[in-house]
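As a plain string of letters, each chain reads:
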Amino acid sequence: MKGVWNKILKVDLTAKKAATEHVPDEVYAYFLGGEGLAAWVLNKECPRGTSAFDPANRLTLAVGPMQGIKQSGAAKWAVGGISPSINMNAGSAITHAFGIEMKQAGYDAVVVHGRAEKPVYIVIDDDKVRVKDAARLWGKDSYDAHDLIQEKEGDGFEVVTTGQAGERLVRYANIQTAHKSFAGRCGFGAVMGSKLLKGIAVRGSQTCPIADPMANDALNKAINKRLAEVNASKPELFRISHLGTAMATALFAPQGNLPVKNYQLASHPEGETNLGGQSYVEKLNAKPWACRYCVIKCHNKCEVKNGPYAYKGKGPEYESFAMMGFNLLIADQEAVAYAGELANRYSMDTISLGGVLAWAMESYEKGVLTQEDTYGIDLAWGNAAAMVEMVRKIGERAPGLGYLLGEGCKIASERIGQGSEQWAIQMKGQEIAAHNWRAQYISALNYCTGVASGPNHERGNSQHIWVGHILLPEWGIDHVENAERWSWEKAAERNAKFHDYCNVINSAVHCKFQEFASYNLTDLLATINTCTGLNWSQEELRRCGERITNLQKLLNIRYGWKTADDFNYPKRFMEPVSEGVAAGKIPAGLDEAIVDYYRHRGWDDKGYPTAAKLRELGLESVPG
Amino acid sequence: MPTAEQEKRYSRQIRLPAIGPAGQDRLGRSRVAVVGCGGLGSVLAHVMVRMGVGRVTVIDGDRPEASNLHRQILYDEDDVAAGKPKALAACEKLRRINALVEVAGRAERLEAANADRLLADHEVILDGTDNLDTRLLVNEWSVASGVPWVYGAVAHAQGMVLAVRPDNGPCLVCLFPETAAESAAEEPLPIFPPAPVAVACLQATEAVKLLLEPAQVNPNLLVLDLWSGSCQQIPLQRNSACRCCAHRRFFYLTR
Amino acid sequence: MKITVSGKPQEIAPGTRLIALVNQLEARVKNDPMIVSLIQKTGRSHLLYILNGTVVKAEDHPTIEMQEGDDLRYVHPFFGG
């Protein structure tokens, strides 16, 4: 097969050894690469009982067969392993140029396991691999550590690091690269920290042959041109290249999709004005900051020139605005942007951070937490300065509440008790992202049944049918009615297809946001085929996605998933809001919809894949 | 009462009025856990085993490194080369020191998820840790379960000891109610080797008192400076508003 | 009036607030290597002040007026093992 090296690099930090391992073609034909490959590694090497902070956990950084081609969105790559927030297999997507260099170094994945005796970083320079002392980097934030590694190692290296939150095992600590892109969710920064791994630098000089370079080149040019045109044709208010993902505020607000005051309310007018695309560009001086080859350029570099929140760096995404803005009743754009960048430096996922802070603010409001607990900080709704200070306390893992909030709102609410579990908006240990289940019921189904990364908005984002008008006509989802947002009819099938769609995207690996500029499954399939020579049909692509989903489900079961976990959702979403488009709407019937989904999948009523389904997908024995 | 073999082994300490044959017998039926087996913990485990405490559980998830050897008395160069977990390497030595007692090694880091399993069924918990978060976890477990523990800490040539009795007296959060300096400490922390030995011996003394003569337990915070030779006894009250021992609000332990 | 500071008797003027004694003590220990390191990294010493057996929070130092017979101690927190 082309487009892959058939080779992964295994770095054992305990034994201080690195070795390559051959991966047969069948593995890629089954799972493509990226998150699929990371799941395959876990399946092969991490038995039941392996936990996230166990040295035996495998932290896999993986690319797919599309990595390295000059297509918009093809710089994306993936991280996988056992997550310390959900305590199961998970994956996270990240971009910029690290994946490109890793592919050029000759590897489809780098798998780190074991635990160093003292802080280290790994340097991969084509086939030369060294584990180096990171004593002077430990304790530094992720950006400073990144720059120090680059300075030390020289030109051409791309670097990933984790900050203090990763070192100190905050369960939602992330991994960053180039001050710009993050493997945000599921706590892989903490997995790095548990291995005393501060960073990885990679540089490569090789080109991986693809099946049909001329066809691929022509395809890339045509796709890039079309995406750029579609993006440019969008009304300015919805143009991701102009406004970044902050444009989503204007898209989601009229749909009732925003999380407001820990999902208690329907709208936040001041926030909707201040934390949206237009004001983002003006007030934060946003300038596009593209990933390599990307024509939609959703990332922005921002600058707040004066005041207590002055900074220059990464601009916030919609999720950061939402979870650390409206969800906390904060409308101060500069404070939210600054706090987001603080979180980036410490290495904390802003979605989980926002969910945790919302739990803390509601606990404070209800007297369950007091100022004695909050270091004297007045953690009231809307208090931006308090939010910023609390971000520091969590990032530093300050003893007491700072430490506790770094465990996530599930553990925090279990320890504090006093009914606070009721307003911990999480499932399986991971905070729910900024899509309101009341606005489209399929969001509820998506979060409850997610297998690739626990409850995750981008792993089966079936809500994009309505929030982004994304359809999958190649797989039979070619028309929807608005009223279907509040119906369970067709939800099982749509949810399944979107989960499988996300899996092929995250295993190929490609940037999902290209879908907002019309990137579709026809494009993806053609690209995979010109890279690999597999000559798949859409049905084979869909089958690959379904196979990866089922492998992830088997891993979930191995690492402790029980049926009841899918039904243990936040009951807050069953409390209606009284205004807006979603007024009075609650996803009643969710339990039945989950069972319906299981049946649609060919699983039993308890959500376990049947022997017949596994046989059908060739999963009775996994290749490699 | 002590057997003939025990009488012979422990004869010198049995002659102490504070111990005597009855006290030695009591020690032989006691169970202590040492959390962390580094500079403090290796002395603590060592003293407890030599004195004949009936069961000593050593809990530590790390492996010895060369930089430990200047102060961590239970490890040697062979242990560093072999990479054996500290809990297991320590217990091998301890068993050779005293086969009359039971020694158990747990090569795990103490966490909320395993605290009950590792600490239950012990009468005193001894602090051999090297970080505040684990101490706060032990403190919460102690308050929640009612089992006393003896805090100890070192840096440079200085040390601190406090016996925490959850039924009576201050807990660690009474002493450290606010953000402490740990994250800003020098890394690696300089430690004068006699300091952990001195602090651990004071901790061991309070542990023996907790087992034999609780009324004699020192209620004060002890603060030493070995270099200057000073030792302060600082009276410390229980904080009636302490979130941990007064209000039983736990941040590290799930109850 | 007479109080005790670090176990030693000290005469102070009536109306003296705790913060004044804190400032004196901080000046006295400012060359301790641990304190030097903390001040360099964080801008403060992190010393704990224990008045009559109770740790006093930093925010209360300016408001507490010393009384006859008060016992003031200070401790530097550290967490090595």
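Residues numbered from 1 in each chain as written. Chains lettered and ligands numbered in written order. Predicted model: local features only at pLDDT ≥ 70, side-chain atom pairs only at ≥ 80, totals over all residues.

Now for the overall build of chain C. Secondary structure assignment for chain C yields two helices and five strands. For 81 residues, the compact-globule estimate of 2.2 N^0.38 gives 12 Å, and the C-alpha radius of gyration of chain C, at 13 Å, lies within 12% of that figure. With the principal axes as the frame, chain C shows a C-alpha extent of 35 × 25 × 20 Å. (Helix = DSSP H or I, 4+ residues; strand = E, 2+ residues; numbered from the N terminus. Rg over C-alpha atoms; globule rule 2.2 N^0.38 Å.)

Counting secondary structure elements, chain A contains 25 helices and 17 strands. Taken along the three principal axes of its C-alpha coordinates, chain A extends 60 × 55 × 50 Å. Sequence-distant contacts in chain A: of pairs separated by 6 or more residues, those separated by 24 or more amount to 73%. (Contact = placed C-beta atoms within 7 Å.)

We now examine the sheet that holds strand β11 (residues 181-183) of chain A. Residue and element names in this part refer to chain A. Sheet architecture is open: six strands sit in the order β8-β7-β12-β9-β10-β11, paired in mixed fashion. Looking at the sheet topology across the chains shown, the edges are occupied by β8 (128-133) and β11. Taken over all neighbouring pairs, the strand axes of this sheet differ in orientation by 20° on average, direction set aside. Looking at chain direction, strand β7 (residues 120-125) and β8 are connected through six bridges and run antiparallel. By the bridge assignment, aspartate 125 is partnered in β8 with lysine 128. Each of β7, β9 (158-161), β10 (175-177) and β12 (197-203) is contacted by helix α4 (residues 142-153), which is oriented at about 145° to β9, the strand it contacts most. (Pairing = 2+ DSSP bridges. Axes fitted to C-alpha atoms, helices over the stretch in contact; angles between N-to-C directions.)

The next subject is the pairing of β12 of chain A. All names here are of chain A. Where burial is concerned, most of β12 is hidden: seven out of the seven residues are buried. Bridge analysis of β7 against β12 gives six bridges, and the strand direction is parallel. For isoleucine 122, the partnering residue across the bridge sits in β12 and is isoleucine 200. (Buried ≥ 20, exposed ≤ 12 C-beta atoms within 10 Å, placed from the backbone.)

Turning our eyes to something else, we now look at the nonpolar core. Ranked by size, the top nonpolar core spans 308 residues in total, and within it Val110 and Met387 of chain A together with Val34 and Ala45 of chain B carry the most contacts. If you tally residues by element for this core, the top one is helix α10 (residues 194-212) of chain B, at ten residues. Once residues within four sequence positions are removed from consideration, alanine 45 of chain B is found in contact with Val34, Cys37, Val56, Val58, Leu74, Ala90 and Leu94 of chain B. (Core = buried A, V, L, I, M, F, W, Y, C linked by C-beta atoms within 7 Å.)

Below, the discussion takes up the interface of chain B and chain C. Where interface size is given, it is often the accessible area lost as the parts come together that is meant. Each side of the interface is counted separately: chain B has 36 residues, and chain C has 20 residues. Of all the elements in the fold, those that place two or more residues in the side of chain B that touches chain C are α4 (39-51), β5 (149-155), α9 (172-175) and β8 (230-234) of chain B. When grouped by side-chain class, the residues that make up the side of chain B that touches chain C number 20 nonpolar, twelve polar and four charged. (Nonpolar A, V, L, I, M, F, W, Y, C, P; charged D, E, K, R; others polar.)

On the side of chain B, 19 residues touch chain A, which itself brings 16 residues to the contact. Counting only elements with at least two residues in the side of chain A that touches chain B, the list comes to α16 (401-405) and α17 (409-416) of chain A. Per-class residue counts for the side of chain A that touches chain B are eight nonpolar, two polar and six charged.

Our focus in this paragraph is helix α21 (residues 521-532) of chain A. Residue and element names in this part refer to chain A. Over its twelve residues, α21 extends 16 Å from the first C-alpha to the last, a length consistent with the 16 Å expected when each residue adds 1.5 Å. Of all twelve residues making up α21, nine are buried, and the element is well covered by its neighbours. Among all positions of α21, only Asp523, Leu524, Leu525, Thr527, Ile528, Asn529, Thr530, Cys531 and Thr532 are buried. Turning to α21, the residues buried within the fold contact α7 (213-233), α20 (491-508) and α22 (538-558). Positive phi shows up at glycine 533, right after α21, with a value of about 80°. (Expected span 1.5 Å × (residues − 1).)

With omega at -15°, the peptide bond leading from alanine 508 of chain A into valine 509 of chain A counts as cis. With respect to the helices, strands and loops of the structure, valine 509 of chain A is situated in the loop between α20 and α21. If you check the backbone angles, serine 6 of chain C has positive phi at about 50° while not being a glycine. Among the structural elements, serine 6 of chain C can be located in the loop between β1 (2-5) and β2 (8-11). The class of serine 6 of chain C is partly exposed, set by 16 C-beta atoms lying within 10 Å.

A word on the sheet that holds strand β15 (residues 311-314) of chain A. Adjacent strands of a sheet form backbone hydrogen bonds with each other and so pair up, either parallel or antiparallel. Residue and element names in this part refer to chain A. The antiparallel open sheet is built from three strands, whose spatial order is β13-β14-β15. With partners counted over all chains shown, the strands left at the sheet margins are β13 (287-288) and β15, one partner each. Pairing analysis gives four bridges linking strand β14 (residues 300-304) to β15, with the strands arranged antiparallel. Within β15, the residue paired with valine 304 across the bridge is tyrosine 311.

For chain C, mean pLDDT is 91; residues scoring 70 or higher make up 100% of the total. Our summary of model confidence lists the complex with pTM equal to 0.92 and ipTM equal to 0.89. (pLDDT = per-residue confidence, 0-100.)

Residue and element names in this part refer to chain B. One way to put it is that α4 packs onto helix α6 (residues 86-97) with a least axis distance of 10 Å and a crossing angle of 25°. Considering their axes alone, α4 and α6 lie roughly parallel with respect to each other. Relative to α6, the crossing made by α4 is right-handed. Where α4 abuts α6, its residues Ser42, Ala45, Val49 and Arg50 lie against Ala90, Leu94 and Ile97. Here the residues of the contact of α4 with α6 sort into five nonpolar, one polar and one charged. (Parallel < 35°, antiparallel > 145°, perpendicular 65-115°, else oblique. Left-handed = near helix turned anticlockwise from the far one by under 90°.)

What follows deals with the domain arrangement of chain A. Residues and elements named next belong to chain A. If you check the domain split of chain A, you get domain 1 (239-431) and domain 2 (441-616). Using C-alpha coordinates to define each centre, domain 1 is positioned 26 Å away from domain 2. Listed per partner, the contact involves 20 residues of domain 1 and 23 residues of domain 2. Residue assignment for the side of domain 1 that touches domain 2 shows that the elements contributing at least two residues are α9 (248-252) and β16 (426-427). Of the residues belonging to the side of domain 1 that touches domain 2, the class tally is twelve nonpolar, seven polar and one charged. (Domains from an automatic or database assignment.)

All names here are of chain A. Between α20 and helix α24 (residues 590-601), the least distance of the axes is 9 Å, while the angle of their chain directions is 60°. Here α24 runs oblique to α20, going by the angle between their axes. Judged by the sense of rotation from one axis to the other, the crossing of α20 with α24 is right-handed. Contacts between α20 and α24 involve Ala491, Ala492, Glu493, Asn495 and Ala496 from the former and Ala593, Asp596, Tyr597, His600 and Arg601 from the latter. Residues of the contact of α20 with α24, tallied by class, amount to five nonpolar, two polar and three charged.

This brings us to α17 of chain A. Residue and element names in this part refer to chain A. When you tally the buried positions in α17, you get six out of eight residues, the bulk of the element. By the burial criterion, the buried members of α17 are Cys409, Lys410, Ile411, Ala412, Ser413 and Ile416. In the segment just after α17, glycine 417 is the residue with positive phi, at about 65°.

Residues and elements named next belong to chain B. For aspartate 62, the position within the fold is in the loop between β2 (55-59) and α5 (77-82). The partly exposed category is assigned to aspartate 62, around which 17 C-beta atoms lie within 10 Å. Expressed as a C-alpha distance, the spacing of aspartate 62 and leucine 175, which sit 113 residues apart in the sequence, is 28 Å.

Residue and element names in this part refer to chain A. Relative to the helices and strands, glutamine 206 resides in the loop between β12 and α7. Of the residues examined, glutamine 206 has 14 C-beta atoms within 10 Å and is grouped as partly exposed. Between the alpha carbons of glutamine 206 and serine 72 there is a distance of 21 Å; along the sequence they are 134 residues apart. Residues in contact with glutamine 206, not counting those within four places in the same chain, are Gln104, Gly106 and Asp126.

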